[in-house]
Amino acid sequence: MNIFLIGFGGFFGAISRYFLNEFITKYFSSSFPIGILAVNIVGCFLIGYLLGGSLTSKDNLYYFVIIGFLGSFTTMSAFTYQTIELLNTNILLACSYIMLTIFLTILATYLGINFSK
């Protein structure tokens, strides 16, 4: 049952990641990968919020939301690929992207944990 919940959550997480990234990229056009950065910040905040508060036990909701939905919603693989692409063209922009992603996603997780209390 857990595998089904993870797969079902992952299906919705991946679709949500796609649409949020496309929406942000469309309305905030930039050579900076702002869409994936925003996805990672939102995903980290939600993981922090949910694990810091209501989803502390590994029940069905945990497998569906945390592992499935948010596991496929956050996009560290896209982050690393876009970082390599930026490194090939603009090392300063790539370093900015790395630092912002790490700092803001850690901050978002921390805020999520504290907002849930």
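Small disclaimer: the values here were computed from a predicted structure and weren't measured.

Cut-offs applied
- Residues numbered from 1 in each chain as written.
- Predicted model: local features only at pLDDT ≥ 70, side-chain atom pairs only at ≥ 80, totals over all residues.
- Heavy atoms only, no water.
- Helix = DSSP H or I, 4+ residues; strand = E, 2+ residues; numbered from the N terminus.
- Contact = heavy atoms within 4.5 Å.
- Areas by Shrake-Rupley, 256 points an atom, 1.4 Å probe, with all protein chains shown as cover.
- Core = buried A, V, L, I, M, F, W, Y, C linked by side-chain atoms within 4.5 Å.
- Buried < 20%, exposed > 50% of the residue type's maximum accessible area, 1.4 Å probe, protein only.
- Polar contact = N/O pair within 3.5 Å; in protein donor to acceptor, adjacent residues only side chain to side chain.
- Expected span 1.5 Å × (residues − 1).
- Axes fitted to C-alpha atoms, helices over the stretch in contact; angles between N-to-C directions.
- Parallel < 35°, antiparallel > 145°, perpendicular 65-115°, else oblique.
- Nonpolar A, V, L, I, M, F, W, Y, C, P; charged D, E, K, R; others polar.

S.K.: Break down the overall build of the chain for me, citing the residues and quoting the values.
M.R.: When helices and strands are tallied, the chain shows 5 helices and 0 strands. If one aligns the C-alpha atoms of the chain with their principal axes, the spans along those axes are about 45 × 30 × 25 Å. Pairs at least 24 residues apart make up 73% of the contacts formed inside the chain by residues separated by at least 6 positions. Surface accessibility of the chain: about 7100 Å² in total, with carbon and sulfur atoms responsible for 72%.

S.K.: Describe the nonpolar core, with residues and values.
M.R.: Soluble globular proteins tend to pack their nonpolar side chains together in the buried interior. Membership of the largest hydrophobic core is limited to 9 residues, which are L5, V39, L50, Y62, Y63, V65, I66, L70 and F73. Looking at this core, the elements that each hand over two or more residues are α2 (34–52) and α3 (60–73). The residues contacting V39, other than those within four sequence positions of it, are R17, L20, N21, F73, T74 and T75. Counting 7 residues, the second largest nonpolar core, distinct from the first, contains F32, L37, F79 and Y97.

S.K.: Talk me through the side chain of S116; I want residue IDs and the actual numbers.
M.R.: Looking at where S116 falls in the secondary structure, it is placed in the segment after α5 (91–115). A distance of 3.2 Å separates the side chain of S116 from the backbone oxygen of G52, its partner in a polar contact. Those residues in contact with S116, other than ones at most four positions away along the chain, are G48, Y49, G52 and G53.

S.K.: Residue-level account of α5, with values.
M.R.: Taking 1.5 Å of rise per residue, the 25 residues of α5 would be expected to cover 36 Å, and the 35 Å separating its terminal C-alpha atoms lies within 8% of that figure. The set of residues buried in α5 consists of A94, Y97, T101, T105, A108 and G112. Contacts made by the buried residues of α5 are with α2 and α4 (76–89). At the N-terminal end of α5, a side-chain oxygen is found 3.1 Å from the backbone nitrogen of L92, two or three residues along, and the residue is N90.

S.K.: So what's going on with the packing of α4 against α5? Which residues, and what values?
M.R.: In contact at an axis separation of 6 Å, α4 and α5 are set at 155° when each is read in the N-to-C sense. Taken together, the axis directions place α4 and α5 in an arrangement best described as roughly antiparallel. Residue-level inspection shows F79, Q82, T83, L86, L87 and T89 of α4 in contact with α5, the latter providing I91, L93, A94, Y97, I98 and T101. Each residue belonging to the contact of α4 with α5 can be placed in one class, and the counts come to 8 nonpolar, 4 polar and no charged.

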